[in-house]
Amino acid sequence: MDRRRILQGAAATAAAALLPASVRATAATTGDTDYPSAHWVPASTSNYTVSTRPSAYPVQYVIIHVTQEMFSDAVAIFQNPAKQVSAHYVVRSADGYIDQCVREKNIAWHAGNWDYNTRSIGIEHEGYVDQPAYFTDVMYEKSALLTASVCDRYSIPKDRAHILGHVQVPGTDHTDPGPNWDWVRYIRMVNLLGTG
């Protein structure tokens, strides 16, 4: 094992020791996630549907959301069994840190449309649609890497017909990610950062 990996492991262990016990109990190593750069912070099992995707349903879309909450509040909402909502991932504004809250094989309740929920991966982004300062360079970069990975793994075309805003889901009353989300930049980054 090289020195860098040893130091990274020691740093992660030290950081985890500083977390409150309630957080340590739900946090897991990156090896436990579908996306290696994410951290496992599970949603309540009351807030998603267990499935066997992609065998049960094809994964054909990535749906981009904005939380209208702070990062920790959004994750807490997904962990609250009374809320009846979840997304697969949440991306933090300041540093692009990613929590995975629902396994990709399962159906997160994020789109407000059952058909789209069954066929998509939902990615929430910390912030507010009317406050573009939340859409940081690092958030765009880390989110684009995540979306590129999802698209590569499920053979989803990296275009606006398959990477959708929540506002585009039929029947939704949501406006996110809103007019301040830079779609041209985002789709360009997804294509540049992906492997496929």
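Residues numbered from 1 in each chain as written. Predicted model: local features only at pLDDT ≥ 70, side-chain atom pairs only at ≥ 80, totals over all residues. Heavy atoms only, no water.

J.: Outline the pairing of strand β3 (residues 61-66), listing residues and values.
T.: Of all 6 residues in β3, 6 are buried, a share of seventy percent or more. Burial along β3 is two-sided: Tyr61, Ile63 and His65 facing one way and Val62, Ile64 and Val66 facing the other are all buried. Relative to strand β7 (residues 120-125), β3 runs parallel, the two being bridged by 6 bridges. Each bridged residue has a counterpart across the sheet, and for Ile63 the counterpart in β7 is Gly122. Sheet topology places β3 next to strand β8 (residues 163-165); 3 bridges connect them, and they run parallel. In the strand pairing of β8, Val62 is matched with Ile163. (Buried < 20%, exposed > 50% of the residue type's maximum accessible area, 1.4 Å probe, protein only. Helix = DSSP H or I, 4+ residues; strand = E, 2+ residues; numbered from the N terminus. Pairing = 2+ DSSP bridges.)

J.: Which residues make up the sheet that holds strand β4 (residues 89-91), and what values do they have?
T.: The strands that make up a sheet pair up through hydrogen bonds in the backbone, lying either parallel or antiparallel. Read from one edge to the other, the open sheet built from 6 strands follows the order β1-β5-β4-β7-β3-β8, with strand pairing classed as mixed. A single partner strand is all that each edge strand has here, and the edge strands are β1 (38-40) and β8. Averaged over all adjacent pairs, the angle separating strand axes in this sheet is 25°, with direction ignored. Running over the sheet, helix α3 (residues 71-79) touches β4, β5 (98-100) and β7 and is turned about 170° from β4. Lying over the sheet, helix α5 (residues 137-154) contacts β3, β4, β5, β7 and β8, oriented at roughly 175° with respect to β7. (Axes fitted to C-alpha atoms, helices over the stretch in contact; angles between N-to-C directions. Contact = heavy atoms within 4.5 Å.)

J.: Could you give an account of the side chain of Arg119, with specific residues and numbers?
T.: In this structure, Arg119 sits in the loop between α4 (114-118) and β7. Aside from chain neighbours lying at most four places away, what touches Arg119 is Arg53, Pro58, Val59, Gln60 and Tyr61.

J.: Tell me about the packing of aromatic side chains, and please be specific about residues and values.
T.: Applying the stated criterion across every chain yields a total of 10 aromatic pairs. Considering the side-chain rings of Tyr61 and Tyr116, the 5.3 Å spacing of their centres and the 20° angle between planes classify their relative orientation as stacked. Taken together, the positions of Tyr61 in strand β3 and Tyr116 in helix α4 put the pair 55 residues apart, joining distant regions of the chain. In textbook terms, an aromatic cluster arises when at least three aromatic residues are bridged by ring pairs, as seen for Phe135, Tyr140, Trp181, Trp183 and Tyr186. In this structure, Arg92 is placed above the aromatic ring of Phe71, and the distance from its NZ or CZ to the ring centre is 5.3 Å. (Phe/Tyr/Trp six-rings, centres within 6.5 Å; stacked < 30°, edge-to-face > 60°. Lys NZ or Arg CZ within 6 Å of the ring centre and 35° of its normal.)

Read these as spatial facts, not as claims about activity.
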